[in-house]
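Chain residues, written in single-letter form:
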Amino acid sequence: MEKVKLESLSLAHSLSDKPLPPSPLIPTSLEGGKVSDRLSKLKCNSENWKQRIEQTDAKKFTVAGRLQKKAQSPVELQFERSANDAAKKCPMLEVRSANQPQLGLAKSPSMMVTSSTNNKTTALRSLSVNPEEEVVPPNLSRSNSSSSESDGERTSPQNAKQNKELANNKSAAAPTNVGARIQVPRLDDKETFENFFASKPKKEENVELEISAFDDIKPTERLVSKRHVQGPKGRRAARNPLKSLAAREDITSEYTEMRSGIAERELRRLKLESYGHNANLAAEAIAGLASIEDFKSVALRSSSIPLQQMWLPHKPVMLLHVKGRTHVQTRLVEPVYTSLNRGDCFILVAGSQLFRYVGSFANVIEISRSKKICAAIVENKDLGCTASQEVILTDGKYLKERQWRQFWQLLGKKEDDQSEMAECGHADEDDVFESSLIETNKIYEYQDEALVPMEKFWGCIPKVDMLDTRKVLVFDFGAEMYVWNGKNAPSDAKRAAMRLAQEHFGAEDSADYADCYLNPLNYVAIVGRRENAKYAKRSTQRPEWCVLGKITQNMETVLFKEKFSDWPELEREDLEKDYLSNGVHVVRALNGVALHKGEPYQEPNLVLEQANLGRGNFYYDTDTMRHFDVITKSTDKWQIHEFNFDAANNQEDYGHFYSAESYIVRWIYQISVTVRELSGKVSNRSTVGRDRCVYFTWQGQDSSANEKGAAALLTVELDKEKGAQMRVSQGDECTAFVRLFRQMWQHRGRKEQCLERRSQWRLYQLQGNVNEETLLKEVDCQSSQLRSRSSMLLIHGSQGEVIVWHGAKSAPHTRKVALEAAQDLIKLVPKDLFSSESASLSEAEEGSEEEQCKKALGLKESRDDYGSLLKSTKAFDYQIRIFNFSSTQGVFKALELSDPLRCQDLHSPYPFSQAQLYNARQPTIFLLDDGDELWLWMGWWPLEDVKINTDERSSPTNDNRAGVNRWISERRAALETAVDYWRAKHGENDKEPFHGIRGQVVWAGLEPLAFKALFPHWTERPDVREINEEDGRTDASITIGTMLAQMTQTEYPLEVLKARPLPEGVEPTRLEVYLNAEDFQAALGCSRAEFEQLPIWKQTKLKKERGLF
């Protein structure tokens, strides 16, 4: 039976290995055959489709692809490092001072902390020993690489902002605070126990006893019975308790001090309750009432003190190197021309100048990062830079020789030096240098009178989470060392950490990077293609251009913020961002009828402490029919200096201000409220309110920043009444402020300089329409500043002469105000204007001036230097209107400006200033209505180009950006709005094109004389003129109709579109839409229909190949 079973099993096994014979019932000619054959065919077809498409061209746009396109051979890296190589960091060494008592109370050797707070051991480094005597332990291995520590890319602004708030709010009110390690004193330690707990010596007393004294001892009763207590069996013999105590391991000789802060918080709570007992006040109000701070003790530092003594985190001249790809590194390098190369971006910060160099082979991330850094510097006036805009320098075709000369001069390059800039290095050096620089970061925390390394962030990218408000941290980035002070850190710790950082910064061999791949002090010498690749990894001392700075929390510089991987990036909302987000096609012309109608007239109204003061004399509320009279009680004035202030004793001098100085004016006033009866008459009953106070801080246009800051600080000191505070800039004075002095004189320069000019002729321009609101501003005493629609005062202080010059078209009320101002002047004879005891008055009409007046003003017979209206027959009995066109919020709109000294029944001859045009955010457009003629003033495009690196680049505004297209659309919309405004004002005129509009287009910096004469005074701007000239603008006269016809032209020849600069209104990224059918076929090699069917990336590629992009 067993044999049969075995044979049957073997037979079944043999049959399973053989294929089954074909069955006659199953047809073999079915389509597809076997399943395995069909699977193999599907697999082959899934792979074959990849061979039918073009390979990606993404590599062409990388740095490596651009280098290959330029036929440059790859450059070898200056040091070998692969992606899998281990990180090389600096050894973690504690930093202590050689003079311990200077940092605080000295501790005994047994109480001295010699280990870090973490479990791993760190070496103790003293600044007093020689480098040869230092004991350097083996390098501690890093648990995480720099890439893992940095979380990939920068976090979003919202998450980063949350991280920053979390770091800033790490509590001063935490439940516990971990302190230092404290050793427990031992009995056998003579220094810490016997010497501290000194025992008093016992005095031996000699007592004499006699034998009879023993008789006094009373006998005690004996025990009747004794109980025997038997211990447990098997009990071990007693051990020595001292040995048992010494053998215990659960008893430590030191402990960690835990500071809960409960006692301090309880005392603070009791103190606050004592201040606000039974008072319905908030905690902030109670704290303010309890403050006893004396602002008189505040002493401002002089600007003449050397910068190093003030620990400013910047130098007068700084060269920043922007390099990297994943986490772009911004490092301070030596400010010399040999530090540059064509593969990276560099930022040169030098006081009032800011340059940004964009290398030909810099990657997109470096370009974007450098642009954001410059934007932050300009916006926040960071790093001691006061530049209003950046100057971009590139390797393109259109270079600025003047800016390049300034750039090389700051970097110490001589004009006869013909050395070339270093070329771009290896395509992979961005990643290598980035990771190697990160590994050189050294971050310390101040603990127990020492700088203790932070192991978690040692050799890694810092993060916002590490910034604790209670700590003092020291960041050593090689060329930069910062002492970061948390807002809740102890003052003693801040001072001690600063002394330690100062010693460490100036110590020998403190910049030893022999254990790292490179030295952050001189790494720039091997970046790029260099002939000499040798450099020192050890630096005996840090160079003079290195920075040692103190940074307070929430006052960090942009250079410090760039070192963090997750710092909140609050981007400014500039015009380019609006252009990219809102597109081009949303720009539409405005309604000219509504623009011409405007808003109803409103009287000037100053609102202080929720009270309406009107022009400073009264205010009438039409809703409640109440009349508010403003009663002036007193006016006081102080002149501000850098360190103190001087009170003006003579009230006659209150009305004289100087453009290079700052002042504080206190105005104490009352408000009297009366009502009107039903008949409309003012009631005899009135209610007088309390004394109110306001402090005006007037800042001259030429005053220093120190004086402006001192004025703000001293205003707080003077404000004993806790009144309102208001800043008034020169040129923005309101009617209430001018009325305090009745006549406000604004002189040029400082008072000492003006007193020296009393022996010269001085020219003052009149503003204001009533006697109580007269403002006279000093301008250059030359004929180009004369204006035919106004009256002016010509004064000679030593001769005591006052000449009232009346323009040919000066209004009667303007003549009256000027004459009364001159009459008051000769009565008072102020020392600010006259050195003589008396003065005489005379009048002069335009065209009939005496020889003395002509000589003083330098008048010519032609009078063509100020746009004289002597021969004009036009009536100037109207108010000039001006509108500002902008789309800063994504919507194209117009805002009408108003004169701060306006009167409803009296027109101001020159109500607007040049500063209102040039101080607006650019690019912008202004429409000026001069009665029977319109002026359209075009601004300029700020030089914020992303890159200029090809010969196809023609001018700053012809770069391929969506912002340029929107700027073109805004100009077209402004021109159409001007035509509609003219139609609404003068009616329709279908016989002439564009309704016969009379108007001209002017560009900033290229304004004609007729346009300049519409403003009270004008200063030339050659820098803006140069920008518009490079964009192809000229000072040739062009009408609004002519430019609108050009902007609306839809077809151009191919030769015109390939020439540079492009015609007005042509969008540089859509040149193909301006070609006719024949030129389109010839230019792109296909029809318009075929071109539109291509993907966008292929259209762009084709346009680039044919020179239409």
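Everything numeric in this text was worked out from a predicted model, so none of it was measured.

Enquirer: Hey, could you run me through the sheet that holds strand 9 (residues 391-394) in this one?
Expert: Either a parallel or an antiparallel arrangement is found when strands of a sheet pair, and the pairing is made through backbone hydrogen bonds. Spatial ordering of the open sheet is given by 6-5-7-8-9, a layout of 5 strands whose pairing is mixed. Both edges of this open sheet fall to strand 6 (329-333) and strand 9, since each of them pairs with a single strand only. Direction aside, the axes of adjacent strands within the sheet are offset by 20° on average. In this structure, strand 7 (residues 345-350) lies alongside strand 8 (residues 353-358), joined through 6 bridges in antiparallel fashion. In the strand pairing of strand 8, phenylalanine 346 is matched with tyrosine 357. Contacts between helix 11 (residues 401-410) and the sheet are confined to strand 5 (317-323), strand 7, strand 8 and strand 9, with strand 8 contributing the most and set at about 100° to the helix. Here helix 12 (residues 429-438) sits on the sheet in contact with strand 5 and strand 6, set at roughly 75° to strand 6.

Enquirer: What is the right way to look at helix 17 (residues 705-718) in this model?
Expert: Since the α-helix packs 3.6 residues into each turn, any two residues three or four apart lie on the same face. The terminal C-alpha atoms of helix 17, which comprises 14 residues, lie 20 Å apart, in line with the 20 Å expected from a rise of 1.5 Å per residue. Glu707, Ala710, Ala711, Leu714, Thr715, Glu717 and Leu718 are the residues of helix 17 that are buried. Taken down its axis, helix 17 places every buried residue within 155° of arc, on the same side.

Enquirer: Is there a simple way to think about the packing of aromatic side chains in this case?
Expert: We describe a pair of aromatic rings using the distance from one ring centre to the other and the angle between the two ring planes. Across all of its chains, the model carries 38 aromatic pairs by this definition. Here phenylalanine 1011 and phenylalanine 1015 contribute two aromatic rings whose centre-to-centre distance is 5.4 Å and whose plane-to-plane angle is 55°, an arrangement assigned as tilted. On the basis of relative accessibility, which here comes to 1%, the residue phenylalanine 1011 falls in the buried class. Arranged with centres 5.6 Å apart and planes meeting at 80°, the rings of phenylalanine 1080 and phenylalanine 1091 form a pair that is edge-to-face. In this pair, phenylalanine 1080 sits in helix 28 (residues 1077-1084) while phenylalanine 1091 sits in helix 29 (residues 1088-1093), placing the two residues 11 residues apart along the sequence. Neither residue differs from the other here; phenylalanine 1080 and phenylalanine 1091 are each classed as buried. Put simply, the rings of Phe657, Tyr663, Trp667, Tyr669, Phe696, Trp698, Phe737 and Phe741 touch in pairs and so form one group of aromatic residues. Positioned above the aromatic ring of phenylalanine 477, the side-chain terminus of lysine 563 is 5.3 Å from the ring centre.

Enquirer: Just checking my understanding: could you explain the environment of glutamate 733 for this structure?
Expert: In this fold, glutamate 733 is placed in the loop between strand 26 (724-729) and helix 18 (735-739). C-alpha separation for the pair glutamate 733 and leucine 901, spaced 168 residues apart in sequence, amounts to 8.4 Å. Separated by 3.0 Å, the side chains of glutamate 733 and tryptophan 698 make a polar contact. Only 2.8 Å separates the side chain of glutamate 733 from the side chain of glutamine 746, close enough to count as a polar contact.

Enquirer: Help me out: how do you make sense of the confidence of the model for the chain in this one?
Expert: Looking at the chain as a whole, the pLDDT averages 77, with 73% of positions reaching at least 70. Considering only residues more than four positions removed or in separate chains, one finds that residues 23-32, a stretch of pLDDT under 50, has 1 contact. This stretch, residues 164-176, has a pLDDT under 50; its non-local contacts, to residues over four places away or in other chains, come to 29 contacts.

Enquirer: Looking at this structure, how should I read the nonpolar core?
Expert: A general tendency of soluble globular proteins is for nonpolar side chains to be buried together. In terms of nonpolar packing, the biggest core is built from 67 residues, with Leu354, Met466 and Phe475 touching the most fellow members. Residue contributions to this core peak at 7 residues, all from helix 13 (residues 491-506). Excluding residues that lie within four positions of it along the chain, methionine 466 makes contacts with Ile443, Met454, Phe457, Leu473, Phe475 and Phe564. By size, the runner-up hydrophobic cluster in this structure holds 30 residues, among which are Leu595, Met938, Leu975 and Leu1006.

Enquirer: Hey, could you run me through the environment of lysine 854 in this one?
Expert: Examined against the element boundaries, lysine 854 turns out to sit in helix 21 (residues 851-857). Taking relative accessible area as the criterion, lysine 854 reaches 23% and is therefore assigned partly exposed. Taking the C-alpha atoms as reference points, lysine 854 and glutamine 782, separated by 72 residues in sequence, lie 9.7 Å from one another. Leaving out residues up to four positions away in the same chain, lysine 854 has contacts with Glu849, Leu859 and Glu861.

Definitions and cut-offs
- Residues numbered from 1 in each chain as written.
- Predicted model: local features only at pLDDT ≥ 70, side-chain atom pairs only at ≥ 80, totals over all residues.
- Heavy atoms only, no water.
- Pairing = 2+ DSSP bridges.
- Helix = DSSP H or I, 4+ residues; strand = E, 2+ residues; numbered from the N terminus.
- Axes fitted to C-alpha atoms, helices over the stretch in contact; angles between N-to-C directions.
- Contact = heavy atoms within 4.5 Å.
- Expected span 1.5 Å × (residues − 1).
- Buried < 20%, exposed > 50% of the residue type's maximum accessible area, 1.4 Å probe, protein only.
- Arc of directions from axis to C-beta.
- Phe/Tyr/Trp six-rings, centres within 6.5 Å; stacked < 30°, edge-to-face > 60°.
- Lys NZ or Arg CZ within 6 Å of the ring centre and 35° of its normal.
- Polar contact = N/O pair within 3.5 Å; in protein donor to acceptor, adjacent residues only side chain to side chain.
- pLDDT = per-residue confidence, 0-100.
- Core = buried A, V, L, I, M, F, W, Y, C linked by side-chain atoms within 4.5 Å.

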